[in-house]
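What follows is the residue order along each chain.
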Amino acid sequence: MPLWKTSASESPDIYATARAVEGLAKEHIPETGMSPEEAYNLVRDELYLDGNARQNLATFCTTWVEDEVHKLMADCIDKNMIDKDEYPQTAEIEARCVHIIASLWNSPEAEETIGCSTTGSSEAAMLGGLALKWAWRDRRKKEGKPYDKPNMVCGPVQVCWHKFAKYFDVELRQIPLSEGSLHMRPEQLKDYVDENTICVVPTLGVTFTGVYEPVREVCEELDKIQAQTGLDIPVHVDAASGGFVAPFLHPELLWDFRLDRVKSINASGHKFGLAPLGVGWVIWRDKKELPSDLVFNVDYLGGNMPTFALNFSRPGGQIVIQYYNFMRLGWVGYRDIQSACAENAQYLAEKLAGLPELDILYDGNGALPCVCYRLKHPEKAHYSLYDLSERVRMSGWQIASYPLPADMHDTVVQRIMVRHGVSHDAVDQLFLDIRKALNYLDKNNIKWSEAGPSFSHG
Ligand SMILES: *Cc1c(COP(=O)(O)O)cnc(C)c1O
């Protein structure tokens, strides 16, 4: 055994200790532990191998927060959101957020509305979907009609709705895309809805492209369908990203509780809500839209609290930060951040539009602050957008490439999210790196790589 190895265990330097030299255990818990300082450094070092989150422009989620947020998160490390009796002030802060968001979404009775925080939009979507399934089933039971074949109708939805449909036994009827239409067109609805439709789900900020689905037009079409057939079909809006963008950038757009048919809305606090990872919101138009049968009264923790959630224990910090953000930024602060993102996205789109290789599908105007494009002549190019993603990754940028949903499955697109913390100068540098990568791919006879889509729509 070399001498240095035995002495290393007593070394005052972290990188010369036995653990650092031998490596951390990978498959079992080690017999003995180590000092917190040593463990902290060695485990933290693993994180260097992850991509740099600030350069991850595939994600919709928060990757930059101010120092006070770190402090407040640390202050909240022991807050369990489910223990509403033990941490009543955290529960109070959650309730305030529900009312603030309800009023942001123009709820007719923002102080009375019912809603809750969740781990993200996925859980929020499940809760929204479940409430609609229960309400539909109750209606069908009362009418003495069968209630075993529920369906939901949507455009290009995020994967959480595929999960909802599978986990809770609902048929998902996804209206296909077509060239020239990147979202559901209201006039298509009549071919998809029937008496078993629990809801129609338009998305405010489609994950694939960043565009808004036309919620108002969808509601108007459903009014027409009701007049003709008697079917009264409710709408749930998946506003995972748009719920915290539209109120500030597009206040005139009708997509929220100003439309009577909109019964519930979900959004991700950890996307354009600017909170750290782990918070979503679902809000119902009014109390009667949430079947009481779904609400559990949990009383073994001392008090009696009604809850509607899939999880039990859950951290409270993200929710406290959501409230901190509302107080810290105010309406004007949110508007300024979202408009800075939109401006930078539009600036990037203009620059990319000048590249002969690319065809811009969405330029950051009118919906989410992002850019979506495809190759202008994919049939002539000897490389794909997957190769471009790989190439810009060499400069640290992570840019999502993926095929659009059916019937546009042959179209591969790239999407760049411009979030809080992506500066004008970062956009300039990104553009130079994309141009350099395209030049390289143009000049070198790189074969189509085996690379495929390699990211999640989150
Ligand atoms: C991100 C996203 C979701 C899932 O949200 P999470 O907060 O990641 O669970 C659902 N729908 C849409 C439209 C999204 O963009």
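Keep in mind that what you see is a predicted model, and the values were worked out from it rather than measured.

Details of the overall build of the protein
Phase 1: Scanning the protein from N- to C-terminus turns up 12 helices and 13 strands.
Phase 2: Taking the principal axes of the C-alpha coordinates as reference, the protein spans close to 85 × 65 × 45 Å.
Phase 3: Out of the 458 residues in the protein, the part that is buried amounts to 51%.
Phase 4: Taking all contacts inside the protein whose residues are at least 6 apart in sequence as the whole, residues at least 24 apart take part in 69%.
Phase 5: By element, 53% of the accessible surface of the protein is carried by carbon and sulfur atoms, the whole surface being about 21,900 Å².

Considering the domain arrangement of the protein
Phase 1: The assigned domain composition of the protein is domain 1 (8-50), domain 2 (70-325) and domain 3 (340-443).
Phase 2: Summarising the inter-unit geometry, the C-alpha centres of domain 1 and domain 2 are found 44 Å apart.

Here's the deal with the pattern of salt bridges
Phase 1: One pass over the full model with this rule turns up 23 salt bridges.
Phase 2: With a closest N to O distance of 3.7 Å, E112 and K287 form a salt bridge. Of this pair, E112 sits in the loop between α5 (88-104) and β1 (114-118) while K287 sits in the loop between β7 (280-284) and β8 (296-298), and the two are 175 residues apart along the sequence.
Phase 3: Judged by relative accessible area, which is 46%, E112 ranks as partly exposed.

Focus on the site of the ligand
Phase 1: Taken together, 14 residues lie around the ligand, and S121, S122, D238, H270 and K271 are the ones closest in.
Phase 2: Between an oxygen atom of the ligand and a main-chain N or O atom of S121, the distance comes to 2.8 Å.
Phase 3: Contact distances for the ligand include 2.8 Å between an oxygen atom and a side-chain N or O atom of K271.
Phase 4: In isolation the ligand exposes 380 Å². Once the protein is present, 92% of that is buried.
Phase 5: Taken together, the residues that form the shell around the ligand break down as 2 nonpolar, 10 polar and 2 charged.

What counts as what
Each chain has its residues counted from 1, following the order in which its sequence is written. Local features in this predicted model are restricted to residues of pLDDT 70 or higher, and side-chain atom pairs are both shown and tallied only at a pLDDT of 80 or more, whereas totals for entire chains, interfaces and linings draw on every residue. To get the side-chain values, take all heavy atoms of the structure and skip hydrogens and water. Runs of E in the DSSP output that reach at least two residues are strands. Runs of H or I that reach at least four are helices, and both are numbered from the N terminus. Exposure categories follow from relative accessible area, calculated using a 1.4 Å probe and restricted to protein chains: below 20% of the type maximum is buried, above 50% is exposed, and the middle band is partly exposed. We call two residues in contact whenever any of their non-hydrogen atoms come within 4.5 Å of each other. Each accessible area value is a Shrake-Rupley result obtained with a 1.4 Å probe; residue values ignore everything except the protein chains displayed when judging cover. Segmentation into domains, and thus their bounds, comes from an automatic or database assignment. For this document, the term salt bridge refers to a Lys or Arg side-chain nitrogen within 4 Å of an Asp or Glu carboxyl oxygen. Nearness of a residue to a molecule or strand requires only that one of the residue's heavy atoms be within 4 Å of it. Nitrogen and oxygen atoms within 3.5 Å of one another constitute a polar contact, given that in protein one can donate a hydrogen and the other can accept it, and given that sequence-neighbouring residues count only through two side-chain atoms. As a working rule, the residues Ala, Val, Leu, Ile, Met, Phe, Trp, Tyr, Cys and Pro are called nonpolar, Asp, Glu, Lys and Arg charged, and the rest polar, with Gly in that last group.

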